[in-house]
Amino acid sequence: MSKRFLMGNEAIALGAVHAGVNVVSGYPGTPSTEILETIAKNNKDGSVYVEWSVNEKAALEVGAGAAYSGARSLVTMKQVGLNVASDPLMSLAYVGVKGGMVIVSADDPGPISSQTEQDTRHFGQFSKLPVFDPSSPEEAYEMIQDAFECSEKYGTPVLFRPTTRVCHGCASVEVKDSFEPHKPEGFVKDTMRWVIFPRTSYLNHCKIEKRNPQLGEEFSSYRFNKLTGSGRKGIATHGISYAYTCEALQGVDKEHKLLKIATPNPFPEKLALEFLEGLDEVVCIEELDPVIERELTYIVGKHHLNVTVRGKLDGTVQPAGENTVESVKEILSGFLDIKYDAPKLPPVPDLPVRPPVLCAGCPHRASFYAVKQATKGKKAVYSGDIGCYTLGNAKPLDMVDTCLCMGADVTIAQGIHRVEPDTVNFSFIGDSTFFASGITGVVNAVYNQTDIILIVLDNSTTAMTGHQPHPGTGVTMMGDVCAKVSIPKILEAVGCTYVKTVDPLDLTAAETAVKEALELKGVRAIIMKSPCIAVTKPQTLYKVDGDKCIGCKRCIRELGCPAIVLTDGRPFIEPSLCYGCGVCSHVCPVNAIGR
Amino acid sequence: MNNILLCGVGGQGTVLASKLLAFAAMERGEQVRTSETIGMSQRGGCVVSHVRSGESIDSPMLPKGSADIIIGFEPAEAVRNISYLKKGGTVIVNKKAVKPVTASLTGSGYDGSEAIEYLRQNVESLVVIDGDAICEKCGSSKVLNIALLAAAAKSGALGMTVEELKSAIVKRIPEKFHALNIKAVELA
Ligand SMILES: Cc1ncc(C[n+]2csc(CCOP(=O)(O)OP(=O)(O)O)c2C)c(N)n1
Ligand code: SF4
Ligand code: SF4
């Protein structure tokens, strides 16, 4: 064993490698992304197969096929990704696997960078699958190996649910120096096993209902489920909240029991009963949903115990958002009757807000601006989507009217158009999002003869999540160069009436394309193709010519490029930020901006 | 236990700084936990790194009112996180303000001076650094993080000596950048 300083996601990755994982698939999403990236980086000999799949459903199915063939497979995604993968997940829970299969779905209390505060532990209950919930990088390293063991022992996929602060926290982790590779047996044909039928599903359902209580029993003595302390008051917690609770309890001498739940499903009822015994009152400190709280309430009722269960449901714990050491201290001060003085904060002056904005030189800025200019005076609705380009909603661009979930821009636009046929309905979609879940929406529009204009923002990368390759980029996570899947060819093939590729940094050409599209009917598509600044080199920078500048501030008012700042009432281009995209030079009415 | 908070604006190099601190603490044989803001690709947002070393650390994030030292890469960010500072804690802050794009749009005159003034009023142990001047002398805007770490080490509140910082630079940063970074340490 040796000590390494690892981020939680790196610990999960190394743990999986040390469990002998053979096949890894996933789709990027904060806070899960670095797991797959770490495995790819540590895969110089190519002994593990690693891919970014086109979306989470594909990733899960690739992982399932590998596990059917006896391989150990790991599938990674963020929590909303599991919604996309839920169709195969629910069925796979019935069919089961041969090789160990672990599905990592990273939750994001806060939420810090997600659409929802959903709780993957519910997916465990819903699909009846085992769930592991680590509370630190050290634990995550060990636990992912346990998850593979559990999966193989019971022939079932297993969910592994870290949260942001575990994924992105770093700690010194004790790791193995060597490991045994896992040898897959290969796919053995067996229709009764691998082909799902109503009859087999009935039988499998019976087996699952028999297995889970046994598994709950086994989990009652699982090493990472922990019961400590004594007394009449109990604290039940999990994940990172366990760390906050331990810290909040440092130096507290009031008697209490502490229960940590690392396997929320199947719930370790026996251990919970041991915990509840002799208690008057329990407080459940959880993030996201009150899963443990409901389980304990159920157990209390089932066994006619006289224990009050507190938590989110009775308002003792905040219903949404992250916990912190302070929030836990606050709860425990009431619960255990300890003195806690919240730190007094000195009043702080007004501070500038720093919302995330499109980078200086971002091609999306040009694309939005071109469409905005071309549709001036028109009644138009701009349906947007998830990615860096969601930031097109901010002033001064103000070009994103809706954003729901990946791929929804195309289809939301269609729905709006059905109700408001006299509006022009634009839909903006990133290249990675297009491949992930946009194509079916375009087919829907063509088939149902909807008039929409699709703008594909092709920046040659999955930018938002840290610049991962995708089917249009021509590279894979195995380091291979492959054929690029062509977006315009797809759009032509499905029957768009107009398909044009333009460089948005050429604002005139981009505007002309939009105007042409506006003249036509049907599903029209414009691919705005220009790379994200993270995957390209800066061009010659632009400067404001002080003699020519009339101080109208149009460049600032219309673009919102972070490189253009006001100094002494005049625009100034900050050379360390400018990327030389040149869009501001098009906007200046007196040509005062040049190279 | 030693609690350090680094804060600034995306792209200023806080993550590398926190890695060096963690590395130095591990070299001393201490337990270390850190927590980073990562996951946003665009630059310019607020970023915070928590670095904790020593014994009995459970949470990867500092509790409020517990930081021995706050290293502010930008004045407003130092003030934004001031509630983490413990009583009598030290603040090292870079003088130069980073204007958010919204400041230009709304025409607000944010220049960091009010934030620095606030720190002067409320923090007993404050060191204001002209990070730009050091970067200029070194000929690279990339050494801001090292300059601030060095100033923090010299203040004595960092729990890391200048020598430890130099050794961390040599061990953790590619060789071709050693001279540049050591120079920044010296100038700070
Ligand atoms: C179902 C689902 N999976 C993953 C994510 C995480 N995610 C947010 S945006 C994005 C992709 C963005 O890439 P792209 O469409 O190319 O736009 P860009 O950021 O490059 O502008 C991903 C994967 C998500 N929000 N939802
Ligand atoms: S050329 Fe103009 S718009 Fe483009 S990055 Fe530079 S300042 Fe910003
Ligand atoms: S990371 Fe790339 S796509 Fe995202 S805002 Fe910056 S330039 Fe645009």
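Higher on the page you've got the structure.
In this numbering scheme, every chain counts its residues from 1 along its sequence in written order. The naming scheme follows written order: chains are lettered A onward, ligands numbered 1 onward. With the structure being a predicted model, the display of local features is reserved for residues of pLDDT at least 70 and the display and counting of side-chain atom pairs for 80 or more, all residues being used for whole-chain, interface and lining totals. Calculated side-chain values reflect all of the structure's heavy atoms, with hydrogen atoms and water omitted.

Undergrad: Just checking my understanding: could you explain the interface of chain A and chain B for this structure?
TA: Many authors give the size of an interface as the accessible area that is lost as the parts come together. Listed by partner, the interface residues are 54 residues for chain A and 46 residues for chain B. Surface buried jointly by chain A and chain B totals about 4,200 Å² across both partners, of which 62% is contributed by carbon and sulfur atoms. Basic side-chain nitrogens of Lys or Arg form a salt bridge, by our definition, when they fall within 4 Å of a carboxyl oxygen of Asp or Glu. Counting every contact that joins chain A to chain B gives four salt bridges. We note a salt bridge from arginine 354 of chain A to glutamate 77 of chain B, for which the minimum N-O separation is 2.5 Å. Counting from the N terminus, the helices are DSSP H or I runs at least four residues long and the strands are E runs at least two residues long. Put simply, the parts of the chain that give the side of chain A that touches chain B at least two residues each are strand 1 (2-7), helix 7 (137-154), strand 8 (169-175), helix 11 (239-249), helix 14 (325-335), helix 20 (554-559) and strand 20 (564-567) of chain A. Broken down by element, the residue count for the side of chain A that touches chain B peaks at five residues, all from helix 11 of chain A. Three residue categories are used. Nonpolar comprises Ala, Val, Leu, Ile, Met, Phe, Trp, Tyr, Cys and Pro, charged comprises Asp, Glu, Lys and Arg, and polar comprises the others, including Gly. Residues that form the side of chain A that touches chain B fall into these classes: 35 nonpolar, 10 polar and nine charged. Inspection of the sheet shows strand 8 of chain A paired to strand 2 (residues 31-36) of chain B by three bridges, in the antiparallel sense. The contact criterion used is simple: two residues touch if any of their non-hydrogen atoms lie within 4.5 Å. Two parts placed together each lose some accessible area under a 1.4 Å probe, and the buried area is that loss summed for both. The pairing criterion for strands is at least two bridges between them, as found by DSSP.

Undergrad: Where do I start with unusual backbone geometry in this structure?
TA: A negative phi angle characterises most non-glycine residues, just as the trans form characterises most peptide bonds. Omega for the bond connecting glycine 110 of chain A with proline 111 of chain A falls within 30 degrees of zero, at -25°, which places this linkage in the cis form. Residue placement: proline 111 of chain A occurs in the loop between strand 5 (101-106) and helix 6 (120-127). Put simply, asparagine 265 of chain A and proline 266 of chain A share a cis peptide bond, and its omega is -15°. Mapped onto the secondary structure, proline 266 of chain A falls in the loop between strand 11 (257-260) and helix 12 (269-276). The phi torsion at aspartate 398 of chain A lies on the positive side, around 55°, for a residue other than glycine. In this fold, aspartate 398 of chain A is placed in the loop between strand 14 (380-383) and helix 16 (408-419). Buried residues are those whose accessible area, probed at 1.4 Å on protein chains only, stays under 20% of the maximum for their type, while exposed residues exceed 50% and partly exposed ones sit between those limits. A relative accessible area of 37% places aspartate 398 of chain A in the partly exposed class. Although it is not a glycine, serine 56 of chain B sits at a positive phi angle of roughly 45°. On the secondary structure map, serine 56 of chain B appears in the loop between strand 3 (46-54) and strand 4 (67-72).

Undergrad: What am I meant to see in the site of ligand 1 here?
TA: Residues and elements named next belong to chain A. A cutoff of 4 Å decides nearness: a residue is near a molecule or strand if any of its heavy atoms lies inside that distance of it. In the vicinity of ligand 1, 25 residues are found, and the nearest of them are Glu56, His364, Asp431, Thr433 and Ala463. N or O atoms closer than or at 3.5 Å make up a polar contact, with two conditions inside protein: a donor-capable atom paired with an acceptor-capable one, and, for residues adjacent in sequence, both atoms drawn from side chains. A distance of 2.7 Å is found between an oxygen atom of ligand 1 and a side-chain nitrogen or oxygen belonging to histidine 364. Threonine 461 places a main-chain nitrogen or oxygen 3.1 Å from an oxygen atom of ligand 1. For ligand 1, the protein covers 97% of the area, taking 580 Å² as the surface of the free molecule. Elements that contribute at least two residues to the shell around ligand 1 include exactly helix 4 (79-84) and helix 17 (431-447). When its residues are assigned to classes, the shell around ligand 1 shows 10 nonpolar, 12 polar and three charged. To be clear on the numbers: accessible area is Shrake-Rupley with a 1.4 Å probe, and residue cover counts the displayed protein chains and nothing else.

Undergrad: Would you mind showing me how to read helix 2 (residues 33-41) of chain A here?
TA: The periodicity of an α-helix, 3.6 residues per turn, causes residues three or four positions apart to be oriented the same way. Residue and element names in this part refer to chain A. Most of helix 2 is tucked away: seven of the nine residues are buried. Of the residues making up helix 2, those classed as buried are Thr33, Glu34, Ile35, Leu36, Thr38, Ile39 and Ala40. If you follow the buried residues of helix 2, they end up packed against strand 1, helix 1 (8-18), strand 2 (23-26), strand 3 (49-52), strand 4 (73-78) and strand 5.

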